[in-house]
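Breakdown of the fold
For reference, the chains in residue letters:
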Amino acid sequence: MREVRTLLDGRGLLESPRWHGDRLYFSDWTAGEVVCVDLAGHAEVFARVASLPLCTAWHPDGRMVLVSSPEGRLLRREADGSLTTYAELGRSGWNDIVIDGRGTAYVNRADFAPMAGEDFRPGWVSAVAPDGSVRRVADDVAFPNGMAVTSDDATLVVADSYRHCLLAFDIAPDGGLSGRRVWADLGDGTPDGICVDAQRAVWYADVPNRCCVRVAEGGKVLDRVDLDRGGFACALGGPDGTTLFVVAAEWRGMTESEMVTPGSGQVLAVEVEVPGAGRP
C-alpha cells in the first residue's frame, strides 16, 4: 500500500495546488493566503487576498495570476510582491483558473451562490486574452470547478461537479473553444480540482467520496488514492513530476458558517507512476 505523507497540517479550506519551480503553491481560502511549501514542509505566505474562492495559475511569463472573486478581477503578482489588476471580469463569484501556453487564461464561475441558498443556474467559462479582454467561451456547465490544459495546448478539460463528469473542449489559437464533449462520465464521482499527466489521463479530487481518482478519456478508472477527508484539488509535481499533491479537509457543507472543520486542512503527497504534463 502506498504511503500518503502529510506535508502540512492545521490549515483551513485548501484549494488550487500548483507545482512551480521547486515548491508547491496552494490557496488557503479560510486565511485568504496563497502559501508555498517545500518538500521538507517549510511554508511561507506568498500572497494575501481576501477572496473566497481564491484560485491561482502561473502565466507563461513566470508571474502568478490570482482570482479576486468578490472584486470580479484577476490580479497579477509582480516581482516585488505587489498585486496589480490583470483583467476586469465584470462581476463577483469567479472560481477556478488555468492559463494555457499562449497566455490565454480560462476562468469559470457558477451562476448562483450556493452558500447564500440561491436557486441553481448553470455556469460558464470565460477566456481572458493576454491583452486583458474577456469573452465567454463555454456555457451550460452546471457547476464548473477544476480545469486543466493538455501539454499540446489543444484541449481544455473542465470538471462539472454537479453533472459528475469531465468536459473537454478543443482550444483554437485565439483562445476560443469548440468541440464540446463529455471526456469522462464519472458515475457517482464528484470532481473538484484536476490535473493532467503525460499519458493524457486526468486525476480528479473528490470531496464527498474522500479520494483522488485517475481516469482515462472515456472514463476508465486507472488508479485511486483513498483519503480520510475530502479531497479538494490535486496537482502533479516534485523533482520527477510523479508526486501527487492533494489538498484536503473535513467537509461540513456549503451552507455552514465554516465549510470545513477548522484546522483540518492538509497538504498531502503520494508517489504515482506517471509524471504530470500540461497545466496546471
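Refer to the structure presented above.
What counts and what doesn't
- Residues numbered from 1 in each chain as written.
- Predicted model: local features only at pLDDT ≥ 70, side-chain atom pairs only at ≥ 80, totals over all residues.
- Heavy atoms only, no water.
- Helix = DSSP H or I, 4+ residues; strand = E, 2+ residues; numbered from the N terminus.
- Rg over C-alpha atoms; globule rule 2.2 N^0.38 Å.
- Buried < 20%, exposed > 50% of the residue type's maximum accessible area, 1.4 Å probe, protein only.
- Contact = heavy atoms within 4.5 Å.
- Pairing = 2+ DSSP bridges.
- Axes fitted to C-alpha atoms, helices over the stretch in contact; angles between N-to-C directions.
- Core = buried A, V, L, I, M, F, W, Y, C linked by side-chain atoms within 4.5 Å.
- Disulfide = S-S within 2.5 Å.

Each helix and strand counted, the protein has zero helices and 24 strands in total. A compact globule built from 280 residues would reach a C-alpha radius of gyration of about 19 Å, and the protein, at 17 Å, matches this within 12%. Seen through its C-alpha atoms, the protein measures out along the principal axes to roughly 45 × 40 × 40 Å. Buried residues in the protein amount to 59% of all 280 residues. Considering only contacts within the protein whose residues lie at least 6 apart along the sequence, 44% involve residues at least 24 apart.

Across the chain, the bulk of peptide bonds are trans and the bulk of non-glycine residues have phi less than zero. Of the consecutive residues leucine 52 and proline 53, the connecting peptide bond is found in the cis state with omega at 5°. With respect to the helices, strands and loops of the structure, proline 53 is situated in the loop between strand 5 (43-48) and strand 6 (56-58). Across the junction of arginine 279 and proline 280, the peptide omega takes the value 5°, indicating a cis bond. Relative to the assigned elements, proline 280 resides in the segment after strand 24 (265-271). Phi angles above zero are rare outside glycine, and aspartate 140 is one such case at about 55°. By secondary structure assignment, the location of aspartate 140 is in strand 13 (residues 134-141). Given a relative accessible area of 38%, aspartate 140 falls into the partly exposed group.

Glancing now at the sheet that holds strand 4 (residues 33-37). One open sheet accounts for four strands, arranged 2-3-4-5; its pairing is antiparallel. Here the strands that pair on one side only, and so sit at the sheet edges, are strand 2 (14-20) and strand 5. Across the sheet, the mean angle separating the axes of adjacent strands is 25° when strand polarity is ignored. In terms of strand pairing, strand 3 (residues 23-28) meets strand 4 through five bridges, oriented antiparallel. Looking at the pairing, tyrosine 25 lines up with cysteine 36 of strand 4.

Every regular strand shows the same layout, with side chains that alternate between the two sheet faces. In terms of residue burial, strand 8 (residues 73-77) counts as a mostly covered element, since four of its five residues are buried. Pairing geometry for strand 7 (residues 64-68) and strand 8, over four bridges, is antiparallel. Residue pairing for strand 8: serine 68 is matched across the bridge by arginine 73. When strand 8 meets strand 9 (residues 83-88), the two strands line up antiparallel, connected through five bridges. Looking across to strand 9, one finds that arginine 73 is bridged to glutamate 88. Between strand 8 and strand 9, which pair antiparallel in sequence order, lie five residues; one of them, glycine 81, sits at a positive phi of approximately 95°.

Turning our eyes to something else, we now look at the sheet that holds strand 12 (residues 123-128). Strand order across the open sheet formed by four strands is 10-11-12-13, with antiparallel pairing between neighbours. Only two strands of the sheet have a single neighbouring strand rather than two, namely strand 10 (94-99) and strand 13. Within the sheet, the average angular offset between the axes of one strand and its neighbour, ignoring direction, is 20°. Bridge count for strand 12 against strand 13 is five bridges, and the pairing is antiparallel. If you follow valine 128 over to strand 13, its bridge partner there is valine 134.

This part takes up the nonpolar core. Where a protein is soluble and globular, its nonpolar side chains tend to be buried together. Phe26, Phe46, Leu74, Ile97, Val107, Val128 and Val267 are the most contacted members of the largest nonpolar core, which totals 45 residues. Once residues within four sequence positions are removed from consideration, phenylalanine 46 is found in contact with Tyr25, Val34, Val35, Cys36, Trp58, Met64 and Arg77. Counting residues in hydrophobic clusters, the runner-up holds 16 residues, among them Val98, Val149, Ile171 and Leu177.

Turning our eyes to something else, we now look at the state of the cysteines. Using the criterion set out here, one finds zero disulfides in the structure. Free of any disulfide, cysteine 55 has its nearest neighbouring cysteine sulfur in cysteine 234, separated by 13 Å. Classification of cysteine 55 as buried rests on a relative accessible area of 2%. We note that cysteine 234 lacks a disulfide partner, and the nearest cysteine sulfur, in cysteine 195, lies 4.0 Å from it.

With respect to the helices and strands, the residue phenylalanine 232 is situated in strand 22 (residues 230-237). A relative accessible area of 4% means that phenylalanine 232 is categorised as buried. Taking the C-alpha atoms as reference, phenylalanine 232 lies 26 Å from isoleucine 171; in sequence the two are 61 residues apart. In contact with phenylalanine 232, not counting residues within four places along its chain, are Leu13, Leu14, Glu15, Asp192, Gly193, Ala205, Val207, Val247, Ala248, Ala249, Trp251 and Val260.

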